[in-house]
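Each chain, written out:
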Amino acid sequence: MKTMLFVRFFVCLALVIAIVAPFTFLVPKPLMTIVDVDVEPATVKVVVQVVEKVKVIEKPLHKVNLPDFAAIYDIPTKKRQFFGFVRPAIEAKNNQLAEDRSKLEHWHEQISLGLGLTIEEQTSLQTLIKAYRINKEASTLQQINDLLIRVDIIPTSLVLVQAANESAWGTSRFARIGLNFFGIWCYRTGCGMVPGGRNTGAKHEVAAFQSVDAAVSGYFNNINKHNAYHVFRTIRAELRAQDQALDAEILATGLLPYSERGVQYVLDITDMLRHNQRYFVKLNSQQQTASSD
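Quantities reported herein were computed from a predicted structural model and do not represent experimental measurements.

Moving on: the packing of helix H2 (residues 75-112) against helix H4 (residues 140-150). Running from N to C, H2 and H4 point in directions that differ by 150°, and their axes come no closer than 10 Å. Between H2 and H4, the crossing angle belongs to the class labelled roughly antiparallel. Taken as a pair, H2 and H4 cross one another with a handedness that is left-handed. Touching Arg101, Leu104, Glu105, Trp107, His108, Ile111 and Ser112 of H2 are Thr140, Leu141, Ile144, Asn145, Leu147 and Leu148, all from H4. Along the lines of polarity and charge, the residues of the contact of H2 with H4 split into seven nonpolar, four polar and two charged.

Set out below in structure tokens:
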């Protein structure tokens, strides 16, 4: 009986072992297989957009056939051509001023002698009074005295070197586009060319002219009328009073307000006057020869 029980127990144990054994020795399969694989990195294309800066070519604001001074590499040739180009307009303006001044001196003498002016002379005088902004309430004699300080010539050599200095011998943008050889400003929108380095909020432009005569007249009006050049006109009047020649270097000392560089600007102008004397002498000789012919 015991033997049977032992046998049954052993059989049951063997059956349990047989059922459980397969599961005991199995290695569970992973839910995900991780495999190391060498992968080449993807090539990333970076598109760089190159923006080319387009150079805007400004068209001249005038119809004058301006020489290409920048293309003249020989310095003496460039100087002669530049001076020769600008000089006729300067001389024409000085001749006009000399004629007006001669009239004023005659009228001054007439009034000083107690003689009156003709209707035509009075009309001419009123035109000058208005043009040069002379006090309308002053006496006629005082008005003429004030005009004699303003209506006067400026040495051609001084005007020439200022034109050369301000326009880089006719090669500057303002000279080429607007015939502005003297760096003259204007304050009406569209009156000229906007400076590239103009400060934010500034309203000024560099004036544009239609002719060389107009550009030169603008320069003379600036010197002979603007309050900034009162000292220049005073020096010129003193030289006249002492019967002295209108020396360009002496007059240049009255140009301190012309440039922000002040004293250095005056030194540059006087230096240019000295270094270019030979060109002024040649031009004077040519003029005298032409006059004798």
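So, on to the pattern of salt bridges. Any two side chains of opposite charge can pair, on the condition that their charged atoms come close. Taken as a whole and assessed by the stated rule, the structure comprises seven salt bridges. For Glu91, the salt bridge identified is with Arg87, shortest N-O distance 2.5 Å. Remark: Arg87 and Glu91 occur in helix H2; sequence separation between them is four residues, near one turn of the helix. Just as Glu91 is buried, Arg87 falls in that class too. Between Arg236 and Asp152 there is a salt bridge whose closest N-O contact spans 3.9 Å. Note that Arg236 is positioned in helix H8 (residues 230-241) and Asp152 in the loop between H4 and helix H5 (156-167), a separation of 84 residues in sequence. Residues joined in a network through salt bridges with shared partners are Arg101, Glu105, Asp152, Arg236 and Arg240.

We now examine the packing of aromatic side chains. Scanning all chains against the criterion turns up 14 aromatic pairs. An angle of 65° between the planes, with centres 6.1 Å apart, marks the rings of Phe82 and Phe181 as edge-to-face. Of this pair, Phe82 sits in helix H2 while Phe181 sits in the loop between helix H6 (173-178) and strand S1 (185-186); the two residues are 99 residues apart in sequence, bridging distant segments of the chain. Its relative accessible area of 1% is what places Phe181 among the buried residues. Seen in terms of ring centroids, Phe83 and Phe280 are 5.5 Å apart; in terms of plane orientation they differ by 45°. Their pairing is tilted. With Phe83 in helix H2 and Phe280 in helix H11 (residues 277-292), this residue pair connects regions lying 197 residues apart in the sequence. By the burial criterion, Phe83 is buried, and Phe280 matches it. Cluster of aromatic residues (ring-pair linked, three or more members): Phe69, Phe82, Phe83, Phe85, Trp169, Phe181, Tyr279 and Phe280. A cation over a ring is seen here: Lys225 above Tyr132, with NZ or CZ 5.0 Å from the ring centre.

A few words on the sheet that holds strand S2 (residues 192-193). Strand order in this open sheet of three strands is S1-S3-S2, and the pairing throughout is antiparallel. Where the open sheet ends on each side, the last strands, each with one partner, are S1 and S2. Of the pairings in the sheet, the one linking S1 to strand S3 (residues 205-207) comprises two bridges and is antiparallel in character. Looking at S3, one finds that Trp185 is bridged to Val206.

Following both chains from N to C, one finds H2 and helix H7 (residues 212-225) inclined at 50°, their axes separated by 9 Å at the closest point. Regarding the angle of H2 to H7, the classification is oblique. Here H2 and H7 pass one another in a crossing that is right-handed. The segment H2 lies against H7, with Phe85, Val86, Ala89, Ile90, Lys93, Asn94 and Leu97 engaging Val212, Asp213, Val216, Ser217, Phe220, Asn221 and Asn224. Each residue belonging to the contact of H2 with H7 can be placed in one class, and the counts come to eight nonpolar, four polar and two charged.

Now for helix H3 (residues 119-131). With 13 residues, H3 extends 18 Å between its outermost C-alpha atoms, agreeing within 8% with the 18 Å of an ideal straight helix rising 1.5 Å per residue. Turning to H3, its buried residues are Glu121, Leu125, Leu128 and Ile129. Burial along H3 is one-sided: seen end-on, the buried residues are contained in an arc of 100°. Pointing more than 90 degrees away from the buried face of H3 are the exposed residues Ile119, Glu120, Thr127 and Lys130.

Attention now moves to helix H10 (residues 263-275). End to end, H10 covers 18 Å across 13 residues, agreeing with the expected 18 Å (1.5 Å per residue, within 8%). Here H10 has its buried residues at Tyr265, Val266, Ile269, Thr270, Met272 and Leu273. Take H10 and look down its axis: the buried residues cluster within an arc of 155°, on one side only. Residues Val263, Arg274 and His275 are exposed on H10 and point more than 90 degrees away from its buried face.

What counts and how
Residues numbered from 1 in each chain as written. Predicted model: local features only at pLDDT ≥ 70, side-chain atom pairs only at ≥ 80, totals over all residues. Heavy atoms only, no water. Axes fitted to C-alpha atoms, helices over the stretch in contact; angles between N-to-C directions. Helix = DSSP H or I, 4+ residues; strand = E, 2+ residues; numbered from the N terminus. Parallel < 35°, antiparallel > 145°, perpendicular 65-115°, else oblique. Left-handed = near helix turned anticlockwise from the far one by under 90°. Contact = heavy atoms within 4.5 Å. Nonpolar A, V, L, I, M, F, W, Y, C, P; charged D, E, K, R; others polar. Salt bridge = Lys/Arg side-chain N within 4 Å of Asp/Glu carboxyl O. Buried < 20%, exposed > 50% of the residue type's maximum accessible area, 1.4 Å probe, protein only. Phe/Tyr/Trp six-rings, centres within 6.5 Å; stacked < 30°, edge-to-face > 60°. Lys NZ or Arg CZ within 6 Å of the ring centre and 35° of its normal. Pairing = 2+ DSSP bridges. Expected span 1.5 Å × (residues − 1). Arc of directions from axis to C-beta.

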